[in-house]
Amino acid sequence: MSGAAGCQGGGGGGGDRGPRWRRPWKLLALGLLSASSVLAAAPGAGAMSKEEKRRLGNQVLEMFDHAYSNYMEHAYPADELMPLTCRGRVRGQEPSRGDVDDALGKFSLTLIDTLDTLVVLNKTKEFEEAVKKVIKDVNLDNDIVVSVFETNIRVLGGLLGGHSVAIMLKEKGEYMQWYNGELLQMAKELGYKLLPAFNTTSGLPYPRVNLKFGVRHPEARTGTETDTCTACAGTLILEFAALSRFTGTSIFEEYARKALDFIWEKRQRSSNLVGVTINIHTGDWVRKDSGVGAGIDSYYEYLLKAYVLLGDDSFLERFNTHYDAIMRYISQPPLLLDVHIHKPMLNARTWMDSLLAFFPGLQVLKGDIRPAIETHEMLYQVIKKHNFLPEAFTTDFRVHWAQHPLRPEFAESTYFLYKATGDPYYLEVGKTLIENLNKYARVPCGFAAMKDVRTGSHEDRMDSFFLAEMFKYLYLLFADKEDMIFDIEDYIFTTEAHLLPLWLSTTNQTVSKKNTTTEYTELDDSNFDWTCPNTQILFPNDPMFAQSIREPLKNVVDKSCPRGISRAEESLGSGPKPPLRARDFMASNPEHLEILKKMGVSLIHLKDGRVQLVQHAVQAASSLDAEDGLRFMQEMIELSSQQQKEQQLPPRAVQIVSHPFFGRVVLTAGPAQFGMDLSKHKAGTRGFVATIKPYNGCSEITNPEAVKEKIALMQRGQCMFAEKARNIQKAGAIGGIVIDDNEGSSSDTAPLFQMAGDGKNTDDITIPMLFLFNKEGNIILDAIREYEAVEVLLSDKAKDRATIFKGKMIPNYIIDSNLEMENMDQKLSENDSHKQNSEEATSASQDVGAVSEEPEEGESSDVTDSESLSPADASSDSISISNQDSSVPGTDETSAPEPACTQGDHQPQEQKTETESNSKVNWDNKVQPMESILADWNEDIEAFEMMEKDEL
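My aim in this report is to walk through the structure given alongside it, one point at a time. On a predicted model such as this, the values are computed, not experimentally measured, just so you know.

About the thresholds
Residues numbered from 1 in each chain as written. Predicted model: local features only at pLDDT ≥ 70, side-chain atom pairs only at ≥ 80, totals over all residues. Heavy atoms only, no water. Helix = DSSP H or I, 4+ residues; strand = E, 2+ residues; numbered from the N terminus. Buried < 20%, exposed > 50% of the residue type's maximum accessible area, 1.4 Å probe, protein only. Contact = heavy atoms within 4.5 Å. Core = buried A, V, L, I, M, F, W, Y, C linked by side-chain atoms within 4.5 Å. Phe/Tyr/Trp six-rings, centres within 6.5 Å; stacked < 30°, edge-to-face > 60°. Lys NZ or Arg CZ within 6 Å of the ring centre and 35° of its normal. Salt bridge = Lys/Arg side-chain N within 4 Å of Asp/Glu carboxyl O. Axes fitted to C-alpha atoms, helices over the stretch in contact; angles between N-to-C directions. Parallel < 35°, antiparallel > 145°, perpendicular 65-115°, else oblique. Nonpolar A, V, L, I, M, F, W, Y, C, P; charged D, E, K, R; others polar. Left-handed = near helix turned anticlockwise from the far one by under 90°.

Counting its regular elements, the chain contains 27 helices and 33 strands. Evaluated residue by residue, the chain yields a buried proportion of 64% over its 952 residues. Put simply, of all contacts in the chain between residues at least 6 apart along the chain, 76% involve residues at least 24 apart.

Glancing now at the nonpolar core. Within the largest apolar cluster, 174 residues are counted, with the highest numbers of intra-cluster contacts made by Phe-127, Leu-437, Phe-447 and Phe-471. Setting aside residues no more than four positions away along its own chain, Phe-127 makes contact with Leu-115, Leu-118, Val-119, Gly-162, Val-165, Ala-166, Leu-169 and Met-176.

Let us look at the packing of aromatic side chains. A full pass over the atoms with the stated rule returns 31 aromatic pairs. Between the aromatic rings of Tyr-415 and Phe-416, the centroid separation amounts to 4.8 Å while the plane-to-plane angle is 55°, which identifies the pairing as tilted. For the pair formed by Tyr-415 and Phe-416, the shared burial category is buried. Members of the aromatic cluster, each reached through a chain of ring pairs, are Phe-64, Tyr-68, Phe-447, Phe-466 and Phe-471. The ring of Trp-264 has Arg-267 lying over it, and the distance from NZ or CZ to the ring centre is 3.8 Å. Positioned above the aromatic ring of Tyr-425 is the side chain of Arg-550, whose terminal nitrogen or guanidinium carbon lies 3.6 Å from the ring centre.

Further remarks concern the pattern of salt bridges. When their charged atoms lie close together, side chains carrying opposite charge are able to pair. Under the definition given, this model contains 47 salt bridges. For Asp-677, the salt bridge is made with Arg-652, and the minimal N-O distance between the two is 3.3 Å. One end of the pair, Asp-677, is in the loop between strand S24 (665–669) and strand S25 (685–691); the other, Arg-652, is in strand S23 (residues 652–656), and 25 residues separate them in sequence. By relative accessible area, Asp-677 is classed as partly exposed at 28%.

Attention shifts here to the packing of helix H7 (residues 237–247) against helix H9 (residues 297–310). Close contact between H7 and H9 brings their axes to 10 Å; oriented N to C, the two are set at 20°. The angle between the axes of H7 and H9 places the two elements in the roughly parallel class. Residues Ile-237, Leu-238, Glu-239, Ala-241 and Arg-245 of H7 pack against Tyr-302, Lys-305, Ala-306, Leu-309 and Leu-310 of H9. Each residue belonging to the contact of H7 with H9 can be placed in one class, and the counts come to seven nonpolar, no polar and three charged.

What follows concerns the packing of helix H3 (residues 124–137) against helix H4 (residues 148–172). What describes two packed helices is the angle between their axes and the distance between those same axes. For the pair H3 and H4, the least separation of the axes is 12 Å and the interaxial angle reads 125°. When the axes of H3 and H4 are compared, the pair comes out oblique. As for how H3 packs across H4, the hand of that crossing is left-handed. Residues Thr-124, Phe-127 and Val-134 of H3 lie in contact with H4, whose contacting residues are Leu-159, Gly-162, Val-165, Ala-166 and Leu-169.

Keep in mind these values describe shape, not function.
As structure tokens, this is what we get:
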């Protein structure tokens, strides 16, 4: 999710709102983006020079051009760019990624999402051309099922943002003189297509809608869902209200308000928290954990911003109520940890997801600066360790989910903290983000998401929000007021960073503003003792103010300081501890079984000899025993997860280092449980690749002269992995890559594959062996067909080019291109020689697959749908944990931690195929031969060579 508002005061949209600021209990600091003048950096504060800021701003422009031009050249009119294969992602023509694909609707998503970014970056001519393309080419009447949430924030928001800046440019008199509200008409058409999703008794929308047939139509293929996430239903009011205010059609704002009202009424009254997932028909909470990350995040954001844009007091009262609960239960500085809505003193999980990185920016808008600085600094320390923010990480800062789809939330919070404090430290943070993007994510056809931040491997995706948000926030971070062609503070940012004008607050007020906030709770005044625009109280005129808050946290990640006593433990005081700890449990101990029974935990003996643990809190002897049982189950789940991770190896990297790739293409590879351990050989194994004969590697190699001193390529199947390794090692190979024989398999959609041994002693195998899925393997095979000599590096993680070429002669074509481009310094900025402290996390991603053997001879892994473990004390029994009913008597059930709700943010949960309809434009995939792709890369490759010549 994205963004706090870029507005000028809370009442920037109308005279009738002024008196509210004089009420002492209305305590909101909404003039913060003008507050950067409060803290003029002192000479000793390390202020960045104007020239450096301008250089970095120009570098952001060049990076945007690189991403945008490649989308337009290789992908448009497809929804998104696939930057590794240089083609567009068309839904139905690529393997399904599950819920992530619900954002794609064959409506040129990236172009629409990028419209107002073009104007923010002063690219008005390109904007005018883009608007004409959208009007001419985009069809919104496709027979395709899309996410209501994603379509609202990206497409409806993109059209409204484009319309907002189009009419602004038209008023200025130079550009867009022909424009007659065409984008607004498209937005209205789309708004009507989303309305059928609201046909529920609660007013909460279905999570998906068919653009052509709506919901519950025989041909709609949707409308059977019962659940949606809180953010999915609560992140509509800005776009829908703006559509109503622009058009004078009130129905959109009415529907969005009804959904917000319903969520507010269903909040947990004692804690004032909301859950992650709610039943759209009954209003029952399906997932009862609560936080500020995925599934809830933008619900809180839109409550505060709805007050800013619409001036309705009830939205501010609701936000204040929720914020008090967040700071009381969820905030454990500098961490933000999910809790149970009915038992908010109990943490629901021990990890955090990356989407919570938006929250410091929202706290800046609210005026609560200290916790914003603390959380932001903690996140920055995680980034400095891994180069990017992992999708999820634990409370001791280990990687939990290793992906990073180039999310903009941290850049957003960095921008707002800089605008609030004027501290040049945040400019340096932004500089680090720019360097990491260019160094690790930039590829010849754009910027590629990180498949694994530990290895540096890439994923073939560049989401639309990268262009919509990342470059917008980074450019604004370094831009001065004179660099802008309009006043950014006349607008509020939506969660997708689209611009809505503040004057909408007094336009077409067709919805009566009733205060529907019932049972408003009187809150601790200390939470709201700021009044706008009293920035002197918020930010003392001391350049060291923010630094004094950050200082205690600067080593929090590296040191992994022991955390203080948890709130649950604190609430217990010196009382009795749980009578049985998970680490002490023995399934054969009768006394332990009796204790479990008292806590409502029962054992089920499965047919395969394993034991399943299930808790039914209503069967506990007392509420205290039920709480002990809940803690026991949580401990057992954590122990299970930890023991599973200890048995798994982290992913490895195959990096193509020869011309024309130069290390820019990194493929995620599965490790082997035998052979050289690449984690202990940091330099890795480097060599040219050669295809062996026979290709399956299951008998003596017949072309040993071609394989000697090279890395052998072979196909999976027909024998054990260890047998393949022995055969190529005997032929003189220095390493091996096994390519999956399942057509179309990819690390994008499949869990990590680990190659197991053959059950015998494998100490005789000394070369490294890695596994590539079919899609990644074909990238190497295609390169061989185009360039006979293909050199790769097998390593535990991707290396930068300074490391790759260290001690080797630099190729002449790199030196030559560097000399030729020395005069282009003003157009392309050079990265400083900058080495990040990038220690490998000690834990593997939770979605890592089970250890696998060849199907012909290997045995299947002992895996169930629930988490399992085998403690040493359990008499070799395997225990499967099922927290089906872990609530305390008298309350609803609480579920074990799961991935967040379906916002297109996390792992695919179901596979879907869509029946595609004809469109106004040609949606055929732009598949190009390797020679065409490489020709398109040449200019960009020269640019990369120049940008990193300092490192070389």
